[in-house]
Amino acid sequence: MLFAKPTPKGTGAEFWGDCNDLESLYDTMSKLSQPITPSDSSYARNEQLLSIIPYEVRHAFQGDRLVDNTINNGFDANTTYYGFNADWITILYTISSLRYNAGIMVTDELDQSNLMLFEYWTMKALHMYDEKGAVLIEQFVNKCIDTTSKYVYLIHQDLVRRYFSMKPGKTRFRSIPQLLISMSYGEELNAFIKHVELEAKELGCSIEDLKCDDITSIIW
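Computed from a predicted structure; not experimentally measured.

Conventions adopted
Residues numbered from 1 in each chain as written. Predicted model: local features only at pLDDT ≥ 70, side-chain atom pairs only at ≥ 80, totals over all residues. Heavy atoms only, no water. Axes fitted to C-alpha atoms, helices over the stretch in contact; angles between N-to-C directions. Helix = DSSP H or I, 4+ residues; strand = E, 2+ residues; numbered from the N terminus. Parallel < 35°, antiparallel > 145°, perpendicular 65-115°, else oblique. Left-handed = near helix turned anticlockwise from the far one by under 90°. Contact = heavy atoms within 4.5 Å. Nonpolar A, V, L, I, M, F, W, Y, C, P; charged D, E, K, R; others polar. Pairing = 2+ DSSP bridges.

Thoughts on the packing of helix α4 (residues 88-102) against helix α5 (residues 109-129)
Where α4 contacts α5, the axes come no closer than 11 Å and their chain directions differ by 155 degrees. Classed by the angle they form, the pair α4 and α5 counts as roughly antiparallel. As for the relative orientation of α4 and α5, their crossing is left-handed in sense. Counted together, Trp88, Ile91, Thr94, Ile95, Leu98, Arg99 and Ala102 of α4 and Gln112, Leu115, Met116, Phe118, Glu119, Thr122, Ala125 and Leu126 of α5 form the full contact between these two elements. Broken down by class, the residue content of the contact of α4 with α5 amounts to ten nonpolar, three polar and two charged.

The structure is reproduced here in structure tokens:
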């Protein structure tokens, strides 16, 4: 069964499962990232934002990420589990995106089970790391995050950049709600959108072509 725990420095969560668990989760995520109608917001949510964690899930069950050969199966024998890391910002944005798409697409019981497991273990991992911070952060699990904007991927990328620039620890963890709120509405969001539009105009490209600076050093 899929399970999760916080990463050592609280940067995000480690998700673990056997090959069947992760492949099933990947199938649901892939299904829910297929656009019904092409639009700027659909592209930002599906082709861009929802390419991040599914990519990690696929590489996990292929054995390219975390591997643990010592998971006890309950019958005095060990089995192999595969895992991947994801930061909290990306996890929360992914859940909201998946749930938004699940509301406009046909899903079956397996899809809903995979979504519920992903959400359940996200909340469990939040509380494992820090109960005080988790109480506020869990309010954003499938709530309070707008994934319908054509700017959603760039907003997510900017939040991740700001999050990773902070010192790992519980202070950073507890800052997540304020980070998310800062780009939900108001002057900061408006200024960011204005900056994005100006940059795209200066470069002569669409906003879909803009990229944030790559973050190569992550302390998990």
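More follows now that the structure is in view.
A few points about the sheet that holds strand β3 (residues 66-72)
Spatial ordering of the open sheet is given by β1-β2-β4-β3, a layout of four strands whose pairing is antiparallel. Two strands bound the open sheet, and with one partner strand each, they are β1 (3-6) and β3. With strand direction ignored, the average angle separating the axes of adjacent strands in the sheet is 35 degrees. Bridge analysis of β1 against strand β2 (residues 12-17) gives four bridges, and the strand direction is antiparallel. For Lys5, the partnering residue across the bridge sits in β2 and is Glu14. Against the sheet, helix α1 (residues 19-31) contacts β2 and β4 (78-87), and its axis sits at roughly 35 degrees relative to β4. Along the sheet, α5 makes contact with β1 and β2, crossing β1 at roughly 25 degrees.

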